[in-house]
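Below are the chains, spelled out letter by letter.
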Amino acid sequence: MIRFENVTKRYRGTKRPALSGVDFEVQRGEFVFLVGASGSGKSSCLQLILREESPTSGRVAVLGRDLKSIANRKVPYFRRSIGSVFQDFRLLPSKTVYQNVAFTLQVTGASRGFIQQAVPEALALVGLSGKEKRLPHELSGGEQQRVAIARAIVNRPQIVLADEPTGNLDPGTSVDIMQLLARINAGGTTVLMATHEAAFVDQMQRRVIELRDGEMVRDEVGGGYGDTSNVPRLEPEAIRGAAATAALQTVREVHRQTEAAIADPVSAPAPVVENQAAAAPAVAPQQATVKPSDDARPATHPITIPAVDLAELGVADRLGLDTGDDEEVGPTS
C-alpha cells in the first residue's frame, strides 16, 4: 500500500535533511502509528505520501504506483484514494455538516444519487446523524473532527492519513476519535496516524514506526510509544514555610503535654503528637519520653523551648523564604 525506499528529503535553506534514508512498508489493512518528537519527520512522510512534496532521493510508492511517475495534472485523481484528517479540522465555515461532507464528492463529479446515499452513511458511521444542518461553529471540537473524518472516508478511500487528529481535543473526546479510527480500520481501510499521544499508542499496541531527527530508529509490531524518560513532568513543590510552622507547633504541643505529665503523672495522658504528617518529613521534632513512677517524679526533664508568637514571625520566615542560618524558622531554632 505505502512503500518508502531509502527516502531522503531536503528542504531548501536547511542544513540537515528532514528525512534521511527512510525505509518502511505499510501493508493493506494495517493500523500504523508514526511517532517521534516535533521536527522528527512525521509530517514530511505524510506530505510525500500525498504527493504534496517529492523526495530528494529514493522512491515513494503508494497503491503500487511510483509517485514520481504521476503527472501533476493527475495528482488530484490520485488523492481520491486517500482520505486525510488534520489537527485543525479544516472545515468550510459557511457550509453545513452535510455540505462539508458532500463537497468532497461534488468536486470529484459524483452523481447526486451517490451523494445522497454516501453522505448520510458516512455521518451515521461517525455518530452525527441528525446534525446534517448544523454549521461548524455550532459543533464541539470533537464533533468537528468527526465531520472531518466523515469527509475523509465518504468516497471510501483505501488509505486514511491522520496527522495529530486528537491534538486539539480533550482526553475524553480523543478516546472517541481513536475508537472511531479503529472502527474504520476494522472495516479494511489502512490507517497511518502521526501522533504525540503516548497513552493511545501504548494501549492500542499496534505497529509503531519511530522517527528521530529524520531517521527511522524503530519499526515494531505491537509496540508502545517508546522511551518517555525525557518527557518533562511537573512535580509538586514543597512549601517550606508551612512545614516549618507545622513542625514548630508540633514540638510546642509535645512540650505542653510533657509539663502536664510532670505536674500530674497519674492522670495526665501520654504525649500525643498531632499533625505529624504535616510536620514531616522535612523536620522531625524530638519527643520527650516520660515514665511516671509511684513515689517520684520522672528522671527526664522537659524540652525547654522559648515562647514564640507565630503572628510575630516575619513574612519571609513564615513562608520559608529566609535562607539565613541564624534566622531560619524551625523546631530547633
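Trainee: Please set out the overall build of the protein residue by residue, giving values where relevant.
Mentor: The secondary structure content of the protein amounts to ten helices and ten strands. For the protein, the residues scored as buried account for 42% of the 333 residues in total. Here the contacts in the protein between residues at least 6 apart in sequence split such that 68% fall between residues at least 24 apart. A total of about 18,600 Å² of accessible surface is found on the protein, and carbon and sulfur atoms cover 49% of it.

Trainee: Report on the packing of helix α5 (residues 141-153) against helix α6 (residues 171-186), specifying residues and quantitative values.
Mentor: Direction vectors running N to C along α5 and α6 enclose 15 degrees, while the axes themselves pass 10 Å from each other. If you check the angle between α5 and α6, you find them roughly parallel. Here α5 and α6 pass one another in a crossing that is right-handed. Residue-level contacts link Gly142, Gln145, Arg146, Ile149 and Ile153 of α5 to Thr173, Asp176, Ile177, Leu180, Leu181 and Ile184 of α6. A breakdown of the residues in the contact of α5 with α6 according to their chemical character gives six nonpolar, three polar and two charged.

Trainee: Can you tell me about the nonpolar core, naming the residues and giving the values?
Mentor: Counting 39 residues, the largest nonpolar core has Phe33, Val119, Ile149 and Leu181 as its most contacted members. The biggest single contributor to this core is α5, with six residues. Those residues in contact with Leu181 that sit more than four places away from it in its chain are Phe31, Ile149, Ala162, Pro165, Val191 and Met193. If you look at the next biggest cluster of nonpolar residues, it comprises 28 residues, including Leu48, Ile70, Ile159 and Ile209.

Trainee: A description of the packing of aromatic side chains should follow, citing residues and the corresponding values.
Mentor: Under the criterion given, the structure shown has two aromatic pairs. Residues Phe4 and Phe24 carry aromatic rings whose centres are separated by 4.6 Å and whose planes lie at 15 degrees to one another, so their mutual orientation is stacked. Taken together, the positions of Phe4 in strand β1 (residues 2-9) and Phe24 in strand β2 (residues 19-26) put the pair 20 residues apart, joining distant regions of the chain. Of the two residues, Phe4 and Phe24, neither departs from the other in class, the shared state being buried. For the ring pair Phe31 and Phe33, a centre distance of 5.1 Å and an interplane angle of 55 degrees mean the geometry is tilted. Here the two residues Phe31 and Phe33 agree in accessibility, since each one is buried. Sitting above the plane of the Tyr11 ring, Lys9 keeps its charged end 5.0 Å from the centroid.

Trainee: Can you tell me about the side chain of Arg151, naming the residues and giving the values?
Mentor: Here Arg151 is to be found in helix α5. From its side chain, Arg151 meets the backbone oxygen of Arg90 in a polar contact 2.7 Å long. Among residues more than four places away in sequence, those in contact with Arg151 are Phe89, Arg90, Leu91, Asn100, Val101 and Thr104.

Trainee: I'd like a rundown of helix α4 (residues 112-125), residues and numbers included.
Mentor: An α-helical turn contains 3.6 residues, so any two residues separated by three or four positions project in the same direction. Between its terminal C-alpha atoms α4 stretches 20 Å, which fits the 20 Å expected from 14 residues at 1.5 Å a residue. Listed in full, the buried residues belonging to α4 are Ile115, Ala118, Val119, Ala122 and Leu123. End-on view of α4: buried residues confined to an arc of 130 degrees, all on one side of the axis. Buried-residue contacts for α4 involve α3 (97-107) and α5. The positive-phi residue at the C-terminal boundary of α4 is Gly127, with phi of around 80 degrees.

Trainee: Go over the pairing of β1, please, and point to the residues and values.
Mentor: Bridge count between β1 and β2: five bridges; the pairing is antiparallel. Paired with Lys9 across the two strands is Leu19, which belongs to β2. One ladder, built from five bridges, connects β1 with strand β4 (residues 57-62); its direction is antiparallel. Bridging from a neighbouring strand, Phe4 pairs with Val60 of β4.

Rules used in this analysis
Residues numbered from 1 in each chain as written. Predicted model: local features only at pLDDT ≥ 70, side-chain atom pairs only at ≥ 80, totals over all residues. Heavy atoms only, no water. Helix = DSSP H or I, 4+ residues; strand = E, 2+ residues; numbered from the N terminus. Buried < 20%, exposed > 50% of the residue type's maximum accessible area, 1.4 Å probe, protein only. Contact = heavy atoms within 4.5 Å. Areas by Shrake-Rupley, 256 points an atom, 1.4 Å probe, with all protein chains shown as cover. Axes fitted to C-alpha atoms, helices over the stretch in contact; angles between N-to-C directions. Parallel < 35°, antiparallel > 145°, perpendicular 65-115°, else oblique. Left-handed = near helix turned anticlockwise from the far one by under 90°. Nonpolar A, V, L, I, M, F, W, Y, C, P; charged D, E, K, R; others polar. Core = buried A, V, L, I, M, F, W, Y, C linked by side-chain atoms within 4.5 Å. Phe/Tyr/Trp six-rings, centres within 6.5 Å; stacked < 30°, edge-to-face > 60°. Lys NZ or Arg CZ within 6 Å of the ring centre and 35° of its normal. Polar contact = N/O pair within 3.5 Å; in protein donor to acceptor, adjacent residues only side chain to side chain. Expected span 1.5 Å × (residues − 1). Arc of directions from axis to C-beta. Pairing = 2+ DSSP bridges.

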